[in-house]
Amino acid sequence: MLGRISTVTITTPDLPAAVAAYQRYLGYRVVDDGALARDVARCWGRPQLAGQRCVLMEPESGTETYLRFVQGPAYVGYEPLACVGWNAAEIIVQDVDALAERLAGSPFRTIGPPANLWFSDKIRAMQVVGPAREVLYLTQIKEQLAAFDTPVAACDVDRVFIVILGGASLDALQDYYHQQFGLARAPVMPSVVSVISARYGLPRDYKHPIAALQVRGQCYIEADQMPALVTPRPCDPGQLPPGIAMVTFEVERLPVDLPSALGPAVAIQGLPYDGRTVRTCVGAAGELIELIESG
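Residues numbered from 1 in each chain as written. Predicted model: local features only at pLDDT ≥ 70, side-chain atom pairs only at ≥ 80, totals over all residues. Heavy atoms only, no water.

Caption draft 1: Focus on the state of the cysteines. One pass over the full model with this rule turns up 0 disulfides. Not part of a disulfide, cysteine 83 finds its nearest cysteine sulfur in cysteine 235, a span of 11 Å. For cysteine 83, a relative accessible area of 4% translates into the label buried. Of all cysteine sulfurs, the one in cysteine 43 lies closest to cysteine 281, which takes part in no disulfide; the gap is 10 Å. Judged by relative accessible area, cysteine 281 falls into the buried class, the value being 0%. (Disulfide = S-S within 2.5 Å. Buried < 20%, exposed > 50% of the residue type's maximum accessible area, 1.4 Å probe, protein only.)

Written out as structure tokens, the structure is:
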């Protein structure tokens, strides 16, 4: 079974600007800044990325769930929420309304102002597009819900605890993660997702089929069935795809049979790996999945 979310990797054409924005407005701090290691690039099946600048950041809480920014193409034609794959990262925050005020006029463009979720006033969230055209859901949990095991924000803007995966078929997404990683299939919840409805010209109260697949460490994969007009995520040869390019999970043991593996399993030094064995594969919607064997 998949363990906690370790790292969310974001492709950015302007790495210094992205890092500065996360430092200034979200309080994230740099824990590693350097060239992408050759063994990492090889593990991703993209050896030509070796030497590309890469910055790893963590929240002020010090929680070891990282954001990793990798210098990459601009992908001029890419539009957030228009493609299948990793569409967003959801971050737990302490006060979403205060955060919205701070983000006004920042590089984080609001696409969904703070609002209670349609099914509970105990959860309040907003959605923004960041400087690398990555989508963030910024979520305040005012009171824990019995149905969901969620973390408590230990600082103003804490860690990623949900990653949002879009696909043409919710059944196909659930089947893949159940068969490949042993995740329990989750009930389908027709849900209002206003940022997706707005992107596709659907009524604001349109309900999209989604499912919350629980992984360890108070983390989830939210699988969204995207509207029919959704397109594949672009990816230049040898590069990472735009926006949220890859999600890294810990796993007790790497699967013996890993379909669509991109490179060999290798032990990698440095954060976030710490000498552990790593392998990367492609998921049901073309998403990149990196696995770290935790032992």
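Caption draft 2: Structural context of the sheet that holds strand β11 (residues 207-215). The strand order across the open sheet formed by 8 strands is β6-β7-β8-β5-β9-β12-β11-β10, and the pairing between neighbours is mixed. Two strands close off the open sheet at either side, each with one partner strand: β6 (109-117) and β10 (189-192). Strand after strand, the sheet turns through a mean of 30° between neighbouring axes, direction not considered. Inspection of the sheet shows strand β9 (residues 157-167) paired to strand β12 (residues 219-225) by 6 bridges, in the parallel sense. For valine 163, the partnering residue across the bridge sits in β12 and is isoleucine 221. Contacting β5 (85-93), β9, β11 and β12, helix α4 (residues 170-181) crosses the sheet at an angle of about 5° to β11. (Pairing = 2+ DSSP bridges. Helix = DSSP H or I, 4+ residues; strand = E, 2+ residues; numbered from the N terminus. Axes fitted to C-alpha atoms, helices over the stretch in contact; angles between N-to-C directions. Contact = heavy atoms within 4.5 Å.)

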